[in-house]
Amino acid sequence: MTGPRTVRGRLLVVAALAALVTVFTATVPLLRDFFDLRVYYGTVHTWAGHGGRIYDYRVPGTPYGFTYPPFAALALLPLAPMTRACATAASLAANLAALAVVLRILAGPGWRRHGWYRWSLALCGLALFEPLRDTVSFGQVNLVLLALVLGDCRLLAAGRHRWAGAGIGLAAAVKLTPALFIGLLLLARRRRAAAVAAGAAVGATGLAAWADPGASRFYWTRALWETGRVGRLDYVSNQSLLGVLARLGEPDRALWAALALLVLCGWAVRARRAVAAGDWAAAFALTGAAACLVSPVTWVHHLVWLLPCFAVLVRAGSRWLAGTLYAVMCTSVVWLWVDGAPGWSGFLGSNAYTWITLGLLLGLPAGQPPVPRPPLARSASATAPAPSPVRPTTVAARDHSPLSSGAGAVAAATGAEVEEADREPARSPSSDPTGSTRPAAANPQSSSARASSYTASPPPS
């Protein structure tokens, strides 16, 4: 796709697209009023400032309180002395910084070659991605955890093993879902990295136990096993396997355990093959998808873990598929069945994001060489001379960043494949929100007027 070549034309395109994104966001009421941030802020403010207990706090007027491990509260302590407005600004800054890190890793070392125009288009596309929108507007921590985990992916792919695993361990101490990445390290026989990850997780958890023994004892012996504290399993935002079963009726835990085990077996086979081929990008992407499926509760905003999957699809040349799946996850389609999902259409539609996640786990290209990008336009005067028999040409070194072979994957996935011949020299190709446990009518986590325009007291996650 060729776009305007003048700076003025490109500014107009970006401005028009940004306006459309703004209209979409304003029209489809998906803003969450930083509800989860209110949970974090109220918890640490009560705990640190008034001697309250972490798991006793509830957002006024709601049954929702803190549901993460105690170390998460310890990590969020900087919020305690802030005002609510400062805490909101800090949350936005942290999420934007984490998003910048994630995009930098996904794009690889060649990220500058895409220029401001492609990145502007990519950011407009990302603003439509429902899991990302929800993460930011809830004041969630998913992007920060994703950045920590992808940092380890980059270290492993680059062969820098000394600190690899530390990010995974810290992420697992804040939320349990990233713990599956420790399993990936064991599958890959990266014992040192797995030990670093486990040590970081245990150390962080131990620090929290030292800071508040009672809270740690309560969480690990009681709160962890009470899924009802998080919300209704059948709520449409729960796009996990257990959520699918719950929407079919009373879930059979034995059936769920069997399905989860089957998913984990499939993940183990595919992830191990990816690692054997040196494809760390695909291995980490597959692990994120598997973690979302087997977790008892996977709210829509947790699905930011699928972003690496889209980068891998683009890297493998499946841009139309990536764009189609991405577009579906921008539509908020699952909320059409917020009040119930009868019939086959309801079964398919209300679980749409689960099917996408399962499809990515089963079909994501892994262990395959990247599809080379065609060279940018050249002028006749810029064509390289033919190689001399005395002085043969050399082959450019392969990029070793985990996702660098898909550099610009984010831009391409959002339809930003635009030539920049007037800006760049010619190049040759290189190789929780939840429903409450109260009656369903409350719909605290709905996302639109028809799918609940977030009520005054949406749930935490």
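Provided above is the structure to which this section pertains.
First, a word on what this report is: a plain description of the structure on this page. Since this is a predicted model, take the numbers as computed values, not measurements.

### Here's the deal with the overall build of the protein chain
On a plain count of helices and strands, the protein chain comes out with 19 helices and zero strands. Taking all 461 residues of the protein chain together, the buried fraction comes to 51%. Within the structure as shown, the protein chain displays about 20200 Å² of accessible surface, and the carbon and sulfur contribution to it stands at 66%.

### Digging into the packing of helix α12 (residues 241-248) against helix α13 (residues 253-276)
For the pair α12 and α13, the least separation of the axes is 10 Å and the interaxial angle reads 150°. For the element pair α12 and α13, the recorded crossing hand is right-handed. Contacts between α12 and α13 pair L241, L242 and L245 from the former with R253, L255, W256, L259, A260 and V263 from the latter. Here the residues of the contact of α12 with α13 are counted per class, giving eight nonpolar, no polar and one charged.

### Some remarks on the nonpolar core
Core analysis: the biggest nonpolar cluster contains 120 residues, and F66 and F284 have the highest contact counts within it. By residue number, the principal contributor to this core is helix α14 (residues 280-294), which donates 13 residues. When residues no more than four places from it in sequence are discounted, the contact partners of F284 are V149, D152, C153, L156, I168, F181 and L184.

### Observations concerning the environment of V328
Following the sequence through the fold, V328 ends up in helix α16 (residues 319-328). According to the relative accessible area criterion, V328 is partly exposed, its value standing at 30%. C-alpha separation for the pair V328 and E130, spaced 198 residues apart in sequence, amounts to 9.5 Å. With sequence-adjacent residues up to four places away left out, V328 is seen in contact with V333, Y353 and I356.

### Some points on the environment of A122
Here A122 lies in helix α5 (residues 115-126). Along the backbone, A122 and L103 are 19 residues apart, and their C-alpha atoms lie at a distance of 9.9 Å.

### Digging into helix α15 (residues 307-315)
Within α15, nine of the nine residues are buried, leaving the element largely enclosed by the surrounding structure. Within the sequence span of α15, burial applies to L307, P308, C309, F310, A311, V312, L313, V314 and R315. Just downstream of α15, G317 is the residue with a positive phi angle, here 90°.

### A short note on unusual backbone geometry
Even without a glycine there, the phi angle at R189 is positive, about 60°. Judged by relative accessible area, which is 54%, R189 ranks as exposed. Backbone geometry places S332, a non-glycine residue, at a positive phi of 60°. Its place among the elements puts S332 in the loop between α16 and α17 (343-350).

What counts as what
Residues numbered from 1 in each chain as written. Predicted model: local features only at pLDDT ≥ 70, side-chain atom pairs only at ≥ 80, totals over all residues. Heavy atoms only, no water. Helix = DSSP H or I, 4+ residues; strand = E, 2+ residues; numbered from the N terminus. Buried < 20%, exposed > 50% of the residue type's maximum accessible area, 1.4 Å probe, protein only. Areas by Shrake-Rupley, 256 points an atom, 1.4 Å probe, with all protein chains shown as cover. Axes fitted to C-alpha atoms, helices over the stretch in contact; angles between N-to-C directions. Left-handed = near helix turned anticlockwise from the far one by under 90°. Contact = heavy atoms within 4.5 Å. Nonpolar A, V, L, I, M, F, W, Y, C, P; charged D, E, K, R; others polar. Core = buried A, V, L, I, M, F, W, Y, C linked by side-chain atoms within 4.5 Å.

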